[in-house]
Amino acid sequence: ETGVTQSPTHLIKTRGQQVTLRCSSQSGHNTVSWYQQALGQGPQFIFQYYREEENGRGNFPPRFSGLQFPNYSSELNVNALELDDSALYLCASSSGQDDTNEKLFFGSGTQLSVL
Amino acid sequence: QKEVEQNSGPLSVPEGAIASLNCTYSDRGSQSFFWYRQYSGKSPELIMSIYSNGDKEDGRFTAQLNKASQYVSLLIRDSQPSDSATYLCAVADDKIIFGKGTRLHILP
């Protein structure tokens, strides 16, 4: 167990809907990263939050947005869902900013299916 | 576009043998390198990190880094059926980028 919790574990939505995924980081960690993992692929970086500010973004459209709260928990919001958004969404916490020695501790993920 | 390349496999290795997993990366400025293990239906779990050229050993696992060749490898000695999983290579620069992973199957 990493101490990183995600909810919900599974979610089914229809195309065009909006979804919010939640993540609680490990105690003592102030950085949260979100990844999308399609079946048979590696995790793709969506964005990272450090102390409530976005701190880096991958190649995802603006309909993917996020928040980090004062307790360092985080949300990932996806608007106007598309079929290709179906994937495992992983949250990972880590202990600091701009530290290239960072180690990620993953939650168990949210499996999103878009019909 | 920074990339991390891995052979997708599957790589089949007899129980007790050495499994060798390889990874190349495109960004010469990368400083930190990681191997994650992911069982089917589970999230990735960090098993090794390496930051300087050479070998780093931890139990049955050895990570090898060659920055000049932009090459990282993971050796698993005395392979066990429980080692059957997908192994993800990850490289850190301003963010951590993952390869697609190599599926490893240990044959009993």
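We now turn to the structure provided with this report.

Conventions and cut-offs
- Along each chain, residue indices are assigned from 1 in the same order as the chain's sequence is written.
- Each chain is given a letter, starting from A, and each ligand a number, starting from 1, according to the order in which they appear as written.
- Restriction of local features to residues with pLDDT of at least 70 applies here, the model being predicted, together with a cutoff of 80 or more for giving and counting side-chain atom pairs; totals for whole chains, interfaces and linings are based on all residues.
- To obtain the side-chain values, all non-hydrogen atoms of the structure were used and water was disregarded.
- Numbering of helices and strands runs from the N terminus; a helix is a DSSP stretch of H or I covering at least four residues, while a strand is a stretch of E covering at least two.
- Here the globule rule is a power law, 2.2 Å times the number of residues to the power 0.38, and the radius of gyration is based on C-alpha atoms.
- Burial classes: relative accessible area under 20% of the type maximum marks a residue as buried, over 50% as exposed, and values in between as partly exposed (1.4 Å probe, protein chains only).
- Contacts between residues were defined by any pair of non-hydrogen atoms, one from each residue, lying within 4.5 Å.
- Each accessible area is a Shrake-Rupley result for a 1.4 Å probe, and residues are judged covered by the shown protein chains and nothing else.
- This count recognises Lys and Arg as positive and Asp and Glu as negative, with His and chain-terminal groups excluded.
- Charge positions come from single atoms, namely NZ of Lys, CZ of Arg, CG of Asp or CD of Glu.
- By this definition, two strands are paired if DSSP reports at least two bridges between them.
- Only Phe, Tyr and Trp rings are paired, with Trp represented by its six-membered ring, and only when their centres lie within 6.5 Å; those with planes under 30 degrees apart are stacked, over 60 edge-to-face, the remainder tilted.
- Comment: the charge-over-ring label is applied if NZ (Lys) or CZ (Arg) is within 6 Å of the ring centre and within 35 degrees of the ring normal.

**Thoughts on the overall build of chain B**
Looking only at helices and strands, chain B features 0 helices and 11 strands. Starting at the N terminus and ending at the C terminus, chain B contains elements arranged as β-β-β-β-β-β-β-β-β-β-β. Compactness check: chain B gives a C-alpha radius of gyration of 13 Å against a globular reference of 13 Å for 108 residues, within 12% of the reference. Based on the C-alpha atoms only, the size of chain B along its principal axes is roughly 40 × 30 × 20 Å. In chain B, which comprises 108 residues, the share counted as buried stands at 45%. Counting only contacts in chain B whose residues sit at least 6 apart along the sequence, the fraction spanning at least 24 positions is 54%. Entry remark: accessible area of chain B is about 5,100 Å², with carbon and sulfur atoms responsible for 47%. Between the mean site of the 11 positive side-chain charges and the mean site of the 12 negative ones, chain B shows a separation of 3 Å.

**Considerations on the sheet that holds strand E6 (residues 54-58) of chain B**
Residue and element names in this part refer to chain B. Read across the open sheet, the 5 strands follow the order E1-E3-E8-E7-E6; overall the sheet is antiparallel. Of all strands in the sheet, those bounded by a partner on one side alone are strand E1 (4-5) and E6. Where strand E3 (residues 19-25) meets strand E8 (residues 71-76), 6 bridges bridge the pair, whose relative direction is antiparallel. Counted as the bridge partner of Ala19 is Ile76 from E8.

**With respect to the packing of aromatic side chains**
The geometry of two aromatic rings is summed up by the distance between their centres and the angle between their planes. Applying the stated rule across the entire model yields 11 aromatic pairs over all chains. Each residue in the set Tyr35, Phe45 and Phe106 of chain A together with Phe34, Tyr36, Tyr51 and Phe98 of chain B is aromatic and connected to the rest through ring pairs, giving one cluster. Between the NZ or CZ atom of Arg60 of chain B and the centre of the ring of Phe61 of chain B, over which it lies, the distance is 5.6 Å.

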